[in-house]
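Single-letter residue listing:
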Amino acid sequence: MKQILFVIFSAVTFIACNNNTDIKNSTTQANKPFSLPVVPNMIQSEEERIAYLCEHFWDNLNTNDTILLRNIEKFEEYFALYLTFLKSEPIDISTKNIASFLNKTGKNNEWRELIMQMATKYLYHIESPLLSEELYIPFAQYALSIPNLSIKDSILYTFRLEVALKNRPGSKANDFPFVTSKGKHTTLHKSTDKCTLLFFNDPECKNCKEAKSQLTGNDIIRQMTENGTLQPIMIYTEGDSEVWKQHKHDCPKGWISGFDTEENIRMRRIYELRAMPCIYLIDKDKKVILKDADINTLITYLNSSS
């Protein structure tokens, strides 16, 4: 998050510092296929400047000029910057801006293919630092609205949209049964009336071990667990009862250790575990706050809400 904010600040500063240069070179710039928008001098606050850039980022894009379309590296650079700005805005505003952008480029097949390629790379791929299923949703919906979309692409974007919409932030988290290390049979919804840190993991997974160590070593998570405002629940989903028996007591103090005995999560895909571990933050009413969150995002949220 700090890295993203630094990029935003640097970009806004760069654009602001080059406003006069852009104006002086307007004749030269006119022959170029794309240039960043000039933020009016009357807009002073950082928040308003970012909002302006989000809304007007593609104003100078000429979809009939193929220079930028052929320069994929340069377009990717602009597109990643655009997404960085969008991530700092409320989701409803970002979605509106995305719709406007897609409407502008929607009549050109080459632009559509490039945009969807970049949207998938930056917003859907699990290792992307700009990963955001919420921002990917309007892109996937747009792709599925394309006339004569191939069957292959239709299946692909339908699947991705289904993944993005499942257990979406603000929706009720899907319930599932599990058995605890003490032999108690319960469900996610019945297991606690507290805010829940749901940690899907494989105890033999190196990344899971490292993540658990970071979570248990964090002061805010430990304090919230101890004072009863947060209930961490770690769930083993891989269905191997022997592995579960071997590791079921490797559980931090105050956590609940559970086993998905019916394999509802992995086989019925009640939750999409695109990488392990997978972390959710769920409020006391069982509504999703954070979906598939990285640890830094989780800790930032908990610190800001405590």
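Residues numbered from 1 in each chain as written. Predicted model: local features only at pLDDT ≥ 70, side-chain atom pairs only at ≥ 80, totals over all residues. Heavy atoms only, no water.

## Here we look at the sheet that holds strand S2 (residues 185-187)
Spatially, the 7 strands line up as an open sheet ordered S2-S1-S5-S4-S3-S6-S7, and their pairing is mixed. Among the strands making up the open sheet, the edge pair consists of S2 and strand S7 (288-290). Here the strands of the sheet are splayed against their neighbours by 35° on average, with no regard to which way each runs. The pairing of strand S3 (residues 195-201) with strand S6 (residues 278-282) spans 5 bridges and is antiparallel. Among the inter-strand pairings, leucine 198 is bridged to a residue of S6, identified as tyrosine 280. Against the sheet, helix H12 (residues 206-216) makes contact with S3, strand S4 (230-236) and S6, and its axis sits at roughly 155° relative to S3, the strand it touches most. (Pairing = 2+ DSSP bridges. Helix = DSSP H or I, 4+ residues; strand = E, 2+ residues; numbered from the N terminus. Axes fitted to C-alpha atoms, helices over the stretch in contact; angles between N-to-C directions. Contact = heavy atoms within 4.5 Å.)

## A word on the confidence of the model for the protein
Averaged over all residues, the pLDDT of the protein is 88; the fraction at 70 or higher stands at 89%. In the predicted structure, residues 1-10 sits below a pLDDT of 50 and forms 10 contacts with residues beyond four places in sequence or in another chain. When the criterion is pLDDT under 50, residues 12-31 qualifies, and its contacts beyond four places in sequence or with other chains add up to 18 contacts. (pLDDT = per-residue confidence, 0-100.)

## Re helix H7 (residues 91-105)
The end-to-end C-alpha separation of H7 is 21 Å, in line with the 21 Å expected for 15 residues at 1.5 Å each. Of the positions making up H7, those classed as buried are Ser94, Asn97, Ile98, Phe101, Leu102 and Thr105. The buried residues of H7 all sit within an arc of 135° when viewed along its axis, so they share a single face. Across H7 from its buried face, at more than 90 degrees, point the exposed residues Asp92, Lys96 and Asn103. The elements touched by buried residues of H7 are helix H4 (46-56), helix H6 (72-86), helix H8 (109-124) and helix H9 (133-144). (Expected span 1.5 Å × (residues − 1). Buried < 20%, exposed > 50% of the residue type's maximum accessible area, 1.4 Å probe, protein only. Arc of directions from axis to C-beta.)

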